[in-house]
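Close look at the chain arrangement
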Amino acid sequence: QLVRAEKRTAIDRLAAGIAHELNTPAGVIAAIRKRVRAECARASSTDAASAELESAVADSEDALRRMSAIINAMKRFASEGRGEPEILSLGEVLDTVAIVARHEYASDAVLDVDVAPELRVGAVRDDVQHVVLGLVKNAAWAIHETGHVGTIEVRGHADDGFAVVRVRDDGVGIAPEHLCRVFDPFFTTKPVGAGTGNGLAIAPTGVDQMGGSIGVTSTVGVGTTFEVRLPLAAPFRAPLPVPRWAS
């Protein structure tokens, strides 16, 4: 129930951000339509007009691709139910979180992601997404509190049968007396109304269910690093090619 409640809270906040994210490319498309109409009204047979139209079409296609990526990422993130375990690319999961949570960090931090493409785990997509989302949101808040634009660094690599994902920020850091409580339900140092205190509380349960572990180190005034270790999935095996002589 705690996981479901936290997911509903996260989706409510993300929905507001998604509306904002879609407004920008939609505005681009609206402006392009005006440009196209203006060019069509002019001597559209000239080279200059043709180049303008080609540029407008390219810009509109780029905006539409961005809108499509946002919508598809939100659909993946907001899928109903727990779902079934599957072989997941951690790179794809991180791309999804980066898109749907962009409004959470864009004004305060740059998200720098570098994850080995071969990192795959066997897990429920919903569980992995929410663990990563909680860490990114926590990092964004820590940087926001510094008053300057910072960096959220996400790194992923394989280590002795595990996929290791580290989320590091250069935010305010966590005080030593709070560090041992960051995963406690309802514990938060945020102002009243700014958080439920459950964003990080659900992470250990989800990670444990996947056979992994999660840890944190922090220095006040320097930043915080969370490390998640999840068992690597068996190497992906592509289907054998069908012989030409096979019927």
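Before reading on, note that the structure itself is shown above.
Looking only at helices and strands, the chain features 7 helices and 7 strands. Each helix and strand of the chain, ordered N terminal to C terminal, gives the series α-α-β-α-α-β-β-α-β-β-α-α-β-β. Expressed as a percentage of its 247 residues, the buried residues of the chain come to 38%. Considering only residue pairs separated by 6 or more positions, the chain has 73% of its internal contacts joining residues 24 or more positions apart. About 13,900 Å² of surface is accessible on the chain, with carbon and sulfur atoms providing 55% of the total.

If you check which residues of helix H7 (residues 202-209) are buried, you get Ile 202, Ala 203, Pro 204, Gly 206 and Val 207. Looking one or two residues past H7, Gly 211 carries a phi angle of roughly 80°, positive in sign.

Turning to the pairing of strand E7 (residues 223-231), a few remarks are in order. When strand E5 (residues 162-169) meets E7, the two strands line up antiparallel, connected through 8 bridges. Within E7, the position partnered with Phe 162 by the bridge is Pro 231. For strand E6 (residues 213-219) and E7, the ladder comprises 7 bridges, and the chain directions are antiparallel. From the neighbouring strand, Thr 219 faces E7, where its bridge partner is Gly 223. Linking E6 back to E7 in an antiparallel pair, the connection comprises 3 residues, with Gly 221 at a positive phi of about 85°.

This next bit is on the environment of Asp 114. Within the secondary structure, Asp 114 sits in strand E2 (residues 109-115). Since its relative accessible area comes to 46%, Asp 114 is described here as partly exposed. Discounting chain neighbours no more than four positions away, the residues touching Asp 114 are Val 154, Arg 155 and Gly 156.

Core analysis: the largest hydrophobic core is formed by 39 residues, its most contacted members being Leu 90, Val 121, Val 128, Val 131, Leu 135, Ile 152 and Val 228. The greatest single-element share of this core, amounting to 9 residues, is contributed by helix H5 (residues 125-144). Residues within four places of Val 228 in sequence aside, it is in contact with Val 131, Leu 135, Ala 163, Val 164, Val 165, Val 207, Ser 213 and Ile 214.

Taken together, the 5 strands give an open sheet; going across it, the order is E2-E4-E5-E7-E6, and neighbouring strands pair in mixed fashion. The two strands at the open ends of the sheet, each matched to only one other strand, are E2 and E6. Within the sheet, the average angular offset between the axes of one strand and its neighbour, ignoring direction, is 15°. In the packing of H5 onto the sheet, the strands contacted are E2, strand E4 (150-159), E5, E6 and E7, and the crossing angle to E4 comes to about 145°.

All right, on to the packing of helix H3 (residues 90-100) against H5 then. Two elements in contact, H3 and H5, have axes separated by 10 Å at closest approach and are oriented at 55°. Classified by the interaxial angle, the pair formed by H3 and H5 is oblique. Crossing of H3 over H5 shows right-handed handedness. Residue-level inspection shows Leu 90, Glu 92, Val 93, Leu 94, Thr 96 and Val 97 of H3 in contact with H5, the latter providing Arg 125, Val 128, Gln 129, Val 132, Leu 133 and Val 136. Taken together, the residues of the contact of H3 with H5 break down into 8 nonpolar, 2 polar and 2 charged.

Further remarks concern the environment of Leu 90. Note that Leu 90 resides in helix H3. Ignoring anything within four residues of it in the chain, the contact list for Leu 90 reads Val 115, Leu 119, Val 121, Val 128, Ala 163 and Val 165.

Even without glycine at this site, Asp 160 takes up a positive phi of about 50°. If you trace the backbone, Asp 160 turns up in the loop between E4 and E5. When its relative accessible area of 70% is taken as the criterion, Asp 160 is described as exposed.

All right, on to the pattern of salt bridges then. Counted by the stated rule, this structure contains 8 salt bridges. In this structure, Arg 181 and Asp 184 form a salt bridge, with 3.6 Å as the shortest nitrogen-oxygen distance. Given the relative accessible area of 31%, Asp 184 is considered partly exposed.

Per the counting criterion, the structure on display carries 1 aromatic pair. On the numbers, 6.1 Å between centres and 70° between planes, the contact of Phe 183 with Phe 226 is edge-to-face. Linking Phe 183 in the loop between helix H6 (176-179) and H7 with Phe 226 in strand E7, this pair joins segments that are 43 residues apart in sequence. A residue is classified by how much of its surface remains accessible, and Phe 226, at 1% relative accessible area, is buried.

A word on H5. Between its first and last C-alpha atoms H5 spans 28 Å; for 20 residues at 1.5 Å apiece the expected length is 28 Å, and the two agree. In terms of residue burial, H5 counts as a mostly covered element, since 17 of its 20 residues are buried.

Scoring rules and cut-offs
- Residues numbered from 1 in each chain as written.
- Predicted model: local features only at pLDDT ≥ 70, side-chain atom pairs only at ≥ 80, totals over all residues.
- Heavy atoms only, no water.
- Helix = DSSP H or I, 4+ residues; strand = E, 2+ residues; numbered from the N terminus.
- Buried < 20%, exposed > 50% of the residue type's maximum accessible area, 1.4 Å probe, protein only.
- Contact = heavy atoms within 4.5 Å.
- Areas by Shrake-Rupley, 256 points an atom, 1.4 Å probe, with all protein chains shown as cover.
- Pairing = 2+ DSSP bridges.
- Core = buried A, V, L, I, M, F, W, Y, C linked by side-chain atoms within 4.5 Å.
- Axes fitted to C-alpha atoms, helices over the stretch in contact; angles between N-to-C directions.
- Parallel < 35°, antiparallel > 145°, perpendicular 65-115°, else oblique.
- Left-handed = near helix turned anticlockwise from the far one by under 90°.
- Nonpolar A, V, L, I, M, F, W, Y, C, P; charged D, E, K, R; others polar.
- Salt bridge = Lys/Arg side-chain N within 4 Å of Asp/Glu carboxyl O.
- Phe/Tyr/Trp six-rings, centres within 6.5 Å; stacked < 30°, edge-to-face > 60°.
- Expected span 1.5 Å × (residues − 1).

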